[in-house]
Amino acid sequence: MSRLALRDLRRRRSEAVLLLIAILAATTTLTLGLVLRDAAGDPYESTRAATKGPDVVANAGQAAGLAELRKLATASGVTEHSGPYPVIAGKLEASGRTSDVQVEGRDATVAAVDQPEVTQGGWVSDGGVVLEAAFANSLDVGVGGSVTLGGRSFKVVGVAVTAAMPPYPGSSCMVAVGCMNGAVPDDKALPPGLLHNPGLVWLTQADVRSLTPDPDSYVMNLKLADPDEAQAFVDRTGGEHGGAMPMQTWQNILEDATELARDSQILLLIGAWLLGLLAVASLSVLVGGRMADQTRRVGLLKAVGGTPSLVAAVLLAEYLLVAVVAAAAGLTIGALTAPLLTESSAGLVGSAGTASLTWSTIALVTAVALGVALVATAVPAVRAARSSTVSALADAARPPRRTGWLIAISARLPVPLLLALRVAARRPRRVVLAVVSIAVTVSGIYVLLVLNAFLGIQPDAGGYDENQVETLRHVLLVWTVILLSLAAVNAIVITWATVLDNRHASALARALGATPQEMTVALAVAQVLPALVGAVLGVFPGGWALFAAINAITGGDSDKATLPVPWQLIGLVLATALAVAALSAVPAHLGGRRPVTATL
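These lines cover the structure that appears in this document, whether it is placed above or below. (Residues numbered from 1 in each chain as written. Predicted model: local features only at pLDDT ≥ 70, side-chain atom pairs only at ≥ 80, totals over all residues. Heavy atoms only, no water.)

### Digging into the overall build of the chain
Note the cut-off: Counting from the N terminus, the helices are DSSP H or I runs at least four residues long and the strands are E runs at least two residues long. Relative accessibility decides the category of a residue: with a 1.4 Å probe and only protein chains considered, values under 20% of the type maximum give buried, values over 50% give exposed, and everything between is partly exposed. Only heavy atoms enter the contact rule, under which two residues are in contact if any of them lie within 4.5 Å. What sets the accessible areas is the Shrake-Rupley method with a 1.4 Å probe; for residues, cover comes only from the shown protein chains.
From N to C terminus, the chain includes 21 helices and 12 strands. Buried residues in the chain amount to 50% of all 600 residues. Taking contacts inside the chain between residues at least 6 apart in sequence as the whole, the part at least 24 apart equals 81%. Approximately 26,200 Å² of the chain is accessible, and the part contributed by carbon and sulfur atoms is 62%.

### Regarding the state of the cysteines
To keep it simple, the criterion reads: Disulfides are defined as pairs of cysteine sulfur atoms found within 2.5 Å of each other.
A full pass over the atoms with the stated rule returns one disulfide. Residue C173 pairs covalently with C179 via a disulfide, S to S 2.2 Å. With the S-S dihedral at roughly 70°, the linkage between C173 and C179 falls on the right-handed side. We classify C173 as partly exposed; its relative accessible area is 23%. What makes C179 partly exposed here is its relative accessible area of 23%.

### A short note on the packing of aromatic side chains
Our working definition: Ring geometry is summarised as follows: Phe, Tyr and Trp rings, the Trp one being its six-membered ring, pair when their centres sit within 6.5 Å, and such pairs are stacked at plane angles under 30 degrees, edge-to-face over 60 and tilted between the two.
What the rule picks out here adds up to three aromatic pairs. On the numbers, 5.0 Å between centres and 55° between planes, the contact of F135 with Y168 is tilted. Here Y168 lies in the loop between β7 (152-161) and β8 (179-180) and F135 lies in helix α4 (residues 133-139), a separation of 33 residues in the sequence. For the pair F135 and Y168, a shared accessibility class is recorded, and that class is buried.

### Here we look at the nonpolar core
Our working rule: Only buried residues count toward a nonpolar core. Its members are Ala, Val, Leu, Ile, Met, Phe, Trp, Tyr and Cys residues joined through side-chain atoms within 4.5 Å.
Of all hydrophobic cores here, the largest spans 60 residues; its most connected members are I23, L267, L275, L283, V447, L476 and W479. Elements that contribute at least two residues to this core include exactly α2 (13-50), α8 (259-293), α10 (308-337), α11 (359-385), α15 (428-456), α17 (466-501), α19 (516-554) and α20 (566-592). Leaving out residues up to four positions away in the same chain, L283 has contacts with L19, A22, I23, V372, A373 and A376. Counting residues in hydrophobic clusters, the runner-up holds 40 residues, among them W123, V219, V234 and M245.

### Structural notes on unusual backbone geometry
The amide bond that connects G83 to the next residue, P84, takes the cis arrangement and shows omega of 10°. Take P84: it is sitting in strand β2 (residues 78-94). The omega torsion across F540 and P541 is 10°, close enough to zero to call that bond cis. Positive phi, close to 60°, is recorded for D140, a residue that is not glycine. With respect to the secondary-structure elements, D140 resides in the loop between α4 and β6 (146-149). Judged by its relative accessible area of 67%, D140 is exposed.

### Let's talk about the side chain of S437
Assignment of secondary structure puts S437 in helix α15. If sequence neighbours within four positions are ignored, S437 has contacts with L278, A281 and N490.

### Here we look at empty space enclosed by the protein
Here is the rule we go by: Both cavities and pockets are sets of points on a 1 Å grid over the protein atoms alone; in a cavity a 1.4 Å probe fits but cannot get out, in a pocket the set is open with protein on both sides within 12 Å along at least five of seven lines, and lining residues sit with an atom within 4 Å of a point. Grid points are joined across faces, edges and corners, and a volume is the space filled by probe spheres set on the points. Only Asp, Glu, Lys and Arg are considered charged in this grouping, and only Ala, Val, Leu, Ile, Met, Phe, Trp, Tyr, Cys and Pro are considered nonpolar; every other residue, Gly among them, is considered polar.
As enumerated under the stated definition, the model contains six cavities of 30 Å³ or more in all. Space inside the largest cavity adds up to approximately 100 Å³. The wall of the largest cavity is formed by 14 residues, among which A424, R430, V431, T498 and Q527 lie closest to the centre. Among the elements of the structure, α14 (415-426), α15, α17 and α19 are those that each provide at least two residues to the lining of the largest cavity. Tallied by class, residues from the lining of the largest cavity come to seven nonpolar, three polar and four charged.

### Quick notes on the pattern of salt bridges
Under the convention used in this document: Each reported salt bridge corresponds to a side-chain nitrogen of Lys or Arg within 4 Å of a carboxyl oxygen of Asp or Glu.
If you walk through the whole model with that rule in mind, you get six salt bridges. Across the salt bridge formed by E68 and K71, the nearest N and O atoms sit 3.2 Å from each other. Note that E68 and K71 are positioned in helix α3 (residues 64-71) at a spacing of three residues, about one turn of the helix. Across the salt bridge formed by E104 and R106, the nearest N and O atoms sit 3.2 Å from each other. Considered together, E104 and R106 belong to a single accessibility category, that of buried residues. Overlapping salt bridges, with partners in common, bring together E104, R106 and D114 in one network.

### Focus: the environment of F454
Relative to the helices and strands, F454 is located in helix α15. By relative accessible area, which is 26% here, F454 ends up partly exposed. The sequence separation of F454 and V469 amounts to 15 residues, and the corresponding C-alpha distance is 9.9 Å.

### Let's talk about helix α7 (residues 250-257)
Applied cut-off: Note that the arc is computed from the directions linking the helix axis to the C-beta atoms.
Considered for burial, the residues of α7 that qualify are W250, I253 and L254. Along α7, the residues classed as buried sweep out an arc of 100° about the axis, all on the same side.

### Quick look at a nonpolar patch on the surface
Under the convention used in this document: Exposure above 30% relative accessible area and the absence of a salt bridge qualify a residue for a patch, where like charges join within 9 Å and nonpolar side chains (Val, Leu, Ile, Met, Phe, Trp, Tyr) within 5 Å.
A surface patch of nonpolar side chains, about 220 Å² in accessible area, is lined by I409, L413 and L417. Examined against the element boundaries, L413 turns out to sit in the loop between α13 (404-410) and α14. With relative accessibility at 30%, the residue L413 sits in the partly exposed group.

### As for the environment of R236
By the element assignment, R236 lies in helix α6 (residues 230-236). Each C-alpha atom of the pair R236 and S76 lies 9.9 Å from the other, and the pair is 160 residues apart in sequence.

Such coordinate-based values are descriptive only and should not be taken to indicate function.
What follows is the structure, given as structure tokens:
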């Protein structure tokens, strides 16, 4: 059975490659979505190691709160600590911009826990300020420059990274006045004193107290005997975020630091399931076309003693073998590509490495690949295996379905349109698959238009900075290229399957007077008509429903999104029809010029 399957794949290499591409697109995108966040976590782990990163960061107000904070140093499970350090809220002026900041007072000596890693210059000194690296990058300020803080000028003596807080524009709030990250709604104003998208800077404790003699917030960094028990320690000591003594675990900080990767991951997983649907449609049509081309071979297998179950197993084995290869290739490509789709933040040490593949990821991707192949091939393979040996050997033309209303309508049309309608009517299930394939593709493009418009306003709105927007655009580009490539493969496959299935009917039509040009146009139009229907359904309700689903999954606000305007949607529908016509032209041209005598 395996020899027969391998021999058949070698005889039809171009079709095997198309099968491989269809499944590979889905498995690669699914792998990217599953491993992206793990790859993005590597820089944070490197930063934790380089900076003696804390397992828990606790902060509290003065007086009673400061006393409780000091007690944590001797709490059960704590092995080392640093602080408490004073923290104040302020406004920093640099490069013509004014930004909210959290100012932390530190010692000039090295701390046992959370000693920020200096990437430029040196550590804090009297009259000198050290900026968090991503914040400095956003301000375009480096060592040797000067900033104004609390009406006083400070020289920038260093730039550093820390694992005690997510890189800018993310942040953990350490000040009593509170913080807000992200865009501010147009119809709302910030409460007085609340910090908006604050950066982080370090001064000496003496300089902090010179700005605010009586700081109202303090922070302490804790190292635990078992870092994995950080959340249990927070629960045990009553330090849930927002309580009297808020605490952040290193896992919470990691999650915030990789938030961009989470958004990319959601986009890729949604893209993976869209591509999975496209792959099913593509394989269903391709398998149907191959079955039409292998009818005589099925008859020969049965004639020499092959049982229907053996014939079905041979046909299924071909596609399942391709699916296994596609799953292995998709896992490899996805793991190697994931680091390219993560932002190398200036606020972390190192860059994303090759993602490790867990057994659950390998099992899921392989199961999806096999499932796609099985769903697409099981019914055609079983139907072919159960066919009569005599009819399979004869490989006779499939009798057309007579539909009165279709005959009445098509009889009054020009010859190419008449033939196109009848070609489409011969395989209604294939027409449905073509409509679904185009609808899925156009739905994805609709969402891409919305997301692209949304990203265009982000640097000004404060949701993402320019580097993060660029990273998300790369993710959208990957999604777009794979989606359009697989859709193009689908269009070609569907047209070629139609050519194969209609070879007898096309030859008969030409024998009765139809020209090769008319047959070419008919075969192409038979693909354009379902494409128009699919494009319209892809715009609405397909695109709208997909966008609503993404909002529901991510908890987004659809009011902030800019939906495509009518002329964009009309252009999308027309462009889809033209693209399908162009892609169908070559296989339709080849099918329309097949020799009549040899076919009949």
